[in-house]
Amino acid sequence: MEWLFDPAIWAGLLTLVVLEIVLGIDNLIFIAILADKLPPHQRDKARLIGLTLAMLMRLGLLTIVSWLVTLTTPLFALGPWSPSGRDLILLLGGVFLLFKATVELHERLEGVTQVQTQSRVYASFGAVIVQIVVLDAVFSLDAVITAVGMVDELGVMMAAVIISIGVMIVASKPLTRFVNAHPTVVVLCLSFLLMIGLSLVAEGLGFHIPKGYLYAAIGFSILIEALNQFARRNFLKNEERLPLRDRTADTVLRLMGGKRRQDAEPDAQDAQTEEPQAFGVEERNMVSGVLTLADRSIRSIMTPRSEMSWVNLDDEPDDILRQLQESPHSRMPVGRGQLDNLVGIARTKDLISQLVLQARIDDGVVDGNGLNGPIRKPILLPDTAGVLKAMDTLKRAHGQLVLVTDEFGIVQGLLTPVDILEAIAGEFPDEDEQLAIQPRGPGEWEVIGTADLHQLEQVLETEGLVSIDDDYTSLAGFLLARFESMPEPGQEIEIDGLRYRILSVEERRIAKVLIQRIVADDAEQAA
């Protein structure tokens, strides 16, 4: 009974059981396909009979092959090689395993799938059992040869076959689901077959390979695959922590072909072989704008205070009239002395009409019916509100402006339906405005400091500019956080393959920036 304390035997038994189970999955699948041709009440019985016959078939073949490998008398001589019956059996078995493992690996790596056709007419029970017996004979060959190549003791081989078939009988459905969900496990086991087949061929040619080498290689591979499966499980858990909405948005963008530009430019060969995208860049950007709209803050889409036009009632009437006539805006905020001393919102044509007829503007705020004057009560929205809340407010504003204020009641900007549209489809500049992002050549853009980071990410085809942890929404805020001080014109900084050069600074703020994509030659010279 000293074999009970031999670790090599137990290692061989455990490894062989795992291989026998994996090798039996194909047999299990085909038995299930044949059983599905029977009426539902006979299918489980057919599966049980099929697996039992598979076990008996393998035990019988194991007995025959184990006897054949004892034939060590040389049969003929080919120079220095004098093969015996055992050598020929091992050589043919090794070639068979190499062929089968290579074909199976090819099918799995190339994505070849077996299509199961469903029959509308049920077959007879006897015909299905006969087909199962024939399939058992075919599918048992690789399992038997693998057992002979793995261990030397017939009892260990038979024990492994009985244990593996018992496991498949008890847990056939969970095993099938596990193998289908983890194709790398099957590929790993097929690679084991390649090693075992090579070992059998070497044995048949007279070169002995100790079984311990096979056990060590297989055990190390199983350990690495277990770590990979554990890492994948943790990755999926972390991915599931993301909101379903975010995962759906990422999936939609990937399906549309949206991808970020990497640090290195693709070479010419990749550019030639790249398939045309089904959706254009503008279409992908619009879909991205819609999917990320709810995550954006009002501050990222509103017109900032520094770019607002407003009417100061303390100015001379002629100056106000001239300002209104030159303004392209149909509505404007009205204040007294400063914007935070807000009076309300008025239509430009109503203000012009009052100035022409009365040479003054009535500063009394009227109700929503607007019966007593041009100025309406302002609609205020805190800057902490979401974009979806802002959209709902704009729907109920009946075309009126929405002013955005902070927690201290200071006006931070204004919001219109056009701002929502620009967040989705890009800029729609007014007559007195220019595009915030203007291309200046291949891989070069001139950008104003107030440019929205979301839109800039889309134009530059990069990522990392926007972060939910940052409290800025413009390019100027992004650069100030990197410089950590007010930069001077001409200063540069390189971030993620892009060079940012300050062009101008006005009134303690970054006005214009030149952005250049760093090509490979520049990067090498800098290094």
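Each value, and the rule that gives it
Residues numbered from 1 in each chain as written. Predicted model: local features only at pLDDT ≥ 70, side-chain atom pairs only at ≥ 80, totals over all residues. Heavy atoms only, no water. Helix = DSSP H or I, 4+ residues; strand = E, 2+ residues; numbered from the N terminus. Contact = heavy atoms within 4.5 Å. Areas by Shrake-Rupley, 256 points an atom, 1.4 Å probe, with all protein chains shown as cover. Salt bridge = Lys/Arg side-chain N within 4 Å of Asp/Glu carboxyl O. Buried < 20%, exposed > 50% of the residue type's maximum accessible area, 1.4 Å probe, protein only. Arc of directions from axis to C-beta. pLDDT = per-residue confidence, 0-100. Axes fitted to C-alpha atoms, helices over the stretch in contact; angles between N-to-C directions. Left-handed = near helix turned anticlockwise from the far one by under 90°. Pairing = 2+ DSSP bridges. Right-handed = clockwise from strand over helix to strand, strands pointing away. Lys, Arg positive; Asp, Glu negative; His and termini not counted. Phe/Tyr/Trp six-rings, centres within 6.5 Å; stacked < 30°, edge-to-face > 60°. Core = buried A, V, L, I, M, F, W, Y, C linked by side-chain atoms within 4.5 Å.

A. Structural context of the overall build of the protein chain. When its secondary structure is counted, the protein chain shows 19 helices and 13 strands. Taking the intrachain contacts of the protein chain between residues at least 6 apart in sequence as the baseline, contacts between residues at least 24 apart amount to 59%. If you sum the accessible surface of the protein chain, you get close to 30300 Å²; carbon and sulfur atoms cover 58% of it.

B. A look at the pattern of salt bridges. By the definition in use, this model includes 10 salt bridges. Between R322 and D319 there is a salt bridge, with the nearest N and O atoms lying 3.0 Å from each other. With R322 and D319 both in helix α13 (residues 317-326) and three residues apart, the pair spans about one turn of that helix. A relative accessible area of 38% places D319 in the partly exposed class. Residue E492 pairs with R499 through a salt bridge whose shortest N-O separation is 3.8 Å.

C. Representation of helix α16 (residues 417-425). Those residues of α16 that sit buried are D419, I420 and A423. Looking down the long axis of α16, one finds its buried residues gathered within 105° of arc, a one-sided arrangement. One or two steps after α16, the chain reaches G426, where phi turns positive at roughly 100°.

D. Spotlight on the confidence of the model for the protein chain. Considering every residue of the protein chain, the mean pLDDT works out to 75; 73% of them sit at 70 or more. Mean pLDDT per element in the protein chain: helix α10 (residues 268-273) is the minimum at 45, and strand β2 (residues 311-312) is the maximum at 92. This model gives residues 115-120 a pLDDT under 50, and the stretch forms two contacts once residues within four places in sequence are excluded. Ignoring residues within four places in sequence, the model shows residues 260-275, a span with pLDDT below 50, making 10 contacts including any to other chains.

E. Main features of the packing of α13 against helix α14 (residues 348-358). Taken N-terminus to C-terminus, the directions of α13 and α14 make an angle of 145°; their axes are 10 Å apart at the nearest point. Read as a crossing pair, α13 and α14 show a hand that is left-handed. Of the residues in α14, those touching α13 at P317, I320, L321, L324 and Q325 are T348, L351, I352, L355 and V356.

F. Highlighting the pairing of strand β6 (residues 379-382). Bridge count between β6 and strand β7 (residues 402-405): four bridges; the pairing is parallel. Directly across from L380, in β7, lies its bridge partner L403. You can see the chain leave β6, run along helix α15 (residues 387-395) and come back into β7, and the turn it takes is right-handed.

G. Here's a closer look at the sheet that holds strand β10 (residues 444-448). Strand order in the open sheet formed by five strands is β9-β10-β13-β12-β11, and the pairing between neighbours is antiparallel. Strands at the two margins of the open sheet, each flanked by one partner only, are β9 (437-441) and β11 (492-495). Pairwise comparison of adjacent strand axes, ignoring direction, gives a mean angle of 25° for this sheet.

H. Examining the sheet that holds β6 more closely. Read across the open sheet, the four strands follow the order β1-β8-β7-β6; overall the sheet is mixed. Two strands close off the open sheet at either side, each with one partner strand: β1 (303-304) and β6. Most of the contacts of α15 go to β6, to which it runs at about 175°, and overall it touches β6, β7 and β8 (411-415).

I. Quick peek at unusual backbone geometry. One non-glycine residue with positive phi stands out, namely E484, at about 60°. Position of E484 relative to the elements: it lies in the loop between α18 (475-483) and β11.

J. Focus on the pairing of β11. A one-sided burial pattern is seen for β11, the buried positions being I493 and I495 and the unburied ones E492 and E494. The turn joining β11 and strand β12 (residues 498-506), which pair antiparallel and follow one another in sequence, is formed by two residues; a positive phi near 50° is taken by D496.

K. Structural view of the side chain of D383. Along the chain, D383 turns up in the loop between β6 and α15. Although D383 is buried, it makes no salt bridge; R299 carries the closest opposite charge, 4.6 Å away. Excluding residues within four positions of it along the chain, D383 makes contact with I298, R299, V404, T405, D406 and Q412.

L. Summary view of the environment of P333. Summarising the element assignment, P333 is placed in strand β3 (residues 331-336). Look at P333 and you get buried, because its relative accessible area is 1%. Taking the C-alpha atoms as reference points, P333 and I345, separated by 12 residues in sequence, lie 4.5 Å from one another. Excluding its chain neighbours within four sequence positions, the residues that come into contact with P333 are M308, S309, W310, V311, L339, L342, G344, I345, L401, L403 and L414.

M. Structural detail: the packing of aromatic side chains. Under the definition given, this model contains two aromatic pairs. Here Y472 and F478 contribute two aromatic rings whose centre-to-centre distance is 6.3 Å and whose plane-to-plane angle is 75°, an arrangement assigned as edge-to-face. Each member of the pair, Y472 as well as F478, carries the same accessibility label: buried. For the pair F478 and Y500, a centre-to-centre distance of 5.9 Å together with 55° between the ring planes defines the contact as tilted.

N. Region of interest: the environment of V418. With respect to the element layout, V418 can be found in helix α16. With 116 residues separating them in the primary sequence, V418 and M302 have C-alpha atoms 9.6 Å apart.

O. Local environment of the nonpolar core. L456, L475, F478, L479, Y500 and I515 are the most contacted members of the largest nonpolar core, which has 23 residues in total. Elements with a minimum of two residues in this core: β10, α17 (453-460), α18, β11, β12 and β13 (509-517). Once residues within four sequence positions are removed from consideration, F478 is found in contact with L453, G464, L465, Y472, I495 and Y500.

P. Structural view of α18. Turning to α18, its buried residues number three or more, namely L475, A476, G477, F478, L479 and F483. For α18, the elements touching its buried residues are β10, α17, β11, β12 and β13. Within two residues after α18, E484 carries a phi angle of roughly 60°, on the positive side.

Q. Representation of the side chain of T416. When you line up the elements, T416 lands in the loop between β8 and α16. In this structure T416 comes out as buried when scored by relative accessible area, which is 17%. If sequence neighbours within four positions are ignored, T416 has contacts with L394 and L401.

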